[in-house]
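Read off the chains here:
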Amino acid sequence: MLLWLALSLGVAVGSALCPLISVELFLIGMVVGGHHPPIACWVLGGVIAIGQVVGKLLYFFAARGHITLPKWLRPKDKPRRVTWLTLVWAKVTVWFNSLRRRCEQHPKLMIATTGVSSVVGMPPFMATTVLAGVARMSVMAFVVTTLAGRFIRFTALAASPSLLTHVLPHFA
């Protein structure tokens, strides 16, 4: 069982860092597959939530400027031609800075947005994580909010196959 929990933790951290890895698919496959010892839904939800928050903390601290990005991820200081893409990027930058200022002025709004995003994934949790870092959200508020939200999300997801197989036949 510890091996499966360690694997779940690793996949959760990996999916937090690389959005191409789906921890949701892994979790459903693990719960439905049944090729491992049964693990309680809340335990799986908790382990995956911890892995997700640990992975997202790297983005959070990078957005705050506490982690130096690798050279290939840093913006290059070279003159650019004015294209439609640079104009769009300029508008997005203005919008993002305005949103960041509003979040700094209203920290409870940032906590609520981060909490909702950590449960339902809208707005995208990755973007909300970066915005929370840029807006200087409290580290403790970020960890508590996202850990609770991710725990709710992944525990519900882990319980859903069992709920569907036991509840739906009674309605048919």
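Residues numbered from 1 in each chain as written. Predicted model: local features only at pLDDT ≥ 70, side-chain atom pairs only at ≥ 80, totals over all residues. Heavy atoms only, no water.

> Could you clarify how one ought to interpret the packing of helix 3 (residues 41-64) against helix 6 (residues 125-134) in this entry?
Where helix 3 contacts helix 6, the two axes come as close as 7 Å, and the packing angle between them is 40°. With respect to each other, helix 3 and helix 6 are oriented oblique. Crossing geometry of helix 3 relative to helix 6 is assigned as right-handed. In contact with Lys-56, Tyr-59, Phe-60, Ala-63 and Arg-64 of helix 3, helix 6 contributes Phe-125, Met-126, Thr-129, Val-130, Ala-132, Gly-133 and Val-134. (Axes fitted to C-alpha atoms, helices over the stretch in contact; angles between N-to-C directions. Helix = DSSP H or I, 4+ residues; strand = E, 2+ residues; numbered from the N terminus. Parallel < 35°, antiparallel > 145°, perpendicular 65-115°, else oblique. Left-handed = near helix turned anticlockwise from the far one by under 90°. Contact = heavy atoms within 4.5 Å.)

> I tried to follow the confidence of the model for the protein chain on my own but got confused; where do I start?
Close inspection of predicted coordinates is inappropriate for parts of the model with low pLDDT. The predicted model of the protein chain has a mean per-residue pLDDT of 85, with 87% of residues at 70 or higher. Looking at the elements of the protein chain, mean pLDDT is at its lowest for helix 4 (residues 84-105), recorded as 77, and at its highest for helix 3, recorded as 94. (pLDDT = per-residue confidence, 0-100.)

> Explanation requested: a nonpolar patch on the surface in the structure shown.
Together, Trp-84, Leu-85, Val-88, Trp-89, Val-92 and Trp-95 line one region of the surface with nonpolar side chains, adding up to about 730 Å² of accessible area. Considering the arrangement of structural elements, one finds Val-92 in helix 4. (Patch = residues over 30% accessible without salt bridge, like charges linked within 9 Å, V, L, I, M, F, W, Y side chains within 5 Å. Areas by Shrake-Rupley, 256 points an atom, 1.4 Å probe, with all protein chains shown as cover. Salt bridge = Lys/Arg side-chain N within 4 Å of Asp/Glu carboxyl O.)

> Hey, could you run me through the nonpolar core in this one?
Nonpolar side chains in soluble globular proteins tend to be buried together. Of all hydrophobic cores here, the largest spans 12 residues; its members are Leu-5, Val-11, Ala-12, Val-23, Leu-27, Met-30, Ile-39, Leu-44, Val-47, Ile-48, Phe-154 and Ala-158. Contributing elements (two or more residues each) for this core: helix 1 (2-17), helix 2 (23-33), helix 3 and helix 7 (139-171). Non-local contacts of Ile-48, meaning those with residues more than four positions away in its chain, are made with Ser-8, Ala-12, Val-23, Leu-27 and Phe-154. Counting residues in each nonpolar core, the second largest holds 11 residues, with Leu-57, Cys-103, Ala-132 and Met-137 among its members. (Core = buried A, V, L, I, M, F, W, Y, C linked by side-chain atoms within 4.5 Å. Buried < 20%, exposed > 50% of the residue type's maximum accessible area, 1.4 Å probe, protein only.)

> In this structure, what is going on with the packing of helix 5 (residues 107-120) against helix 6? I would like to understand it.
Any two packed helices are characterised by how steeply their axes cross, that is the angle between the axes, and by the distance between the axes. Two elements in contact, helix 5 and helix 6, have axes separated by 9 Å at closest approach and are oriented at 155°. The orientation of helix 5 with respect to helix 6, classified from their angle, is roughly antiparallel. Pair helix 5 / helix 6 crosses with left-handed handedness. When helix 5 is examined against helix 6, the residues Met-110, Thr-113, Thr-114, Ser-117 and Ser-118 are found in contact with a partner set consisting of Phe-125, Thr-128, Leu-131 and Ala-132. When the residues that make up the contact of helix 5 with helix 6 are grouped by side-chain class, the tally is 4 nonpolar, 5 polar and no charged. (Nonpolar A, V, L, I, M, F, W, Y, C, P; charged D, E, K, R; others polar.)

> Explain the packing of aromatic side chains here, please?
For any pair of aromatic rings, the description consists of the separation of the ring centres together with the inter-plane angle of the planes. A complete count under the given rule lists 2 aromatic pairs for this structure. Here Phe-60 and Phe-61 contribute two aromatic rings whose centre-to-centre distance is 5.5 Å and whose plane-to-plane angle is 75°, an arrangement assigned as edge-to-face. The interplanar angle of 15° and the centroid separation of 4.4 Å between the aromatic rings of Phe-60 and Phe-142 together place this pair among those described as stacked. Placement of the pair is Phe-60 in helix 3 and Phe-142 in helix 7, with a sequence separation of 82 residues. Its relative accessible area of 0% is what places Phe-60 among the buried residues. Here the aromatic cluster, defined as three or more aromatic residues joined through ring pairs, consists of Phe-60, Phe-61 and Phe-142. Over the ring of Phe-125 we find Arg-150, and its NZ or CZ is 4.2 Å from the ring centre. (Phe/Tyr/Trp six-rings, centres within 6.5 Å; stacked < 30°, edge-to-face > 60°. Lys NZ or Arg CZ within 6 Å of the ring centre and 35° of its normal.)

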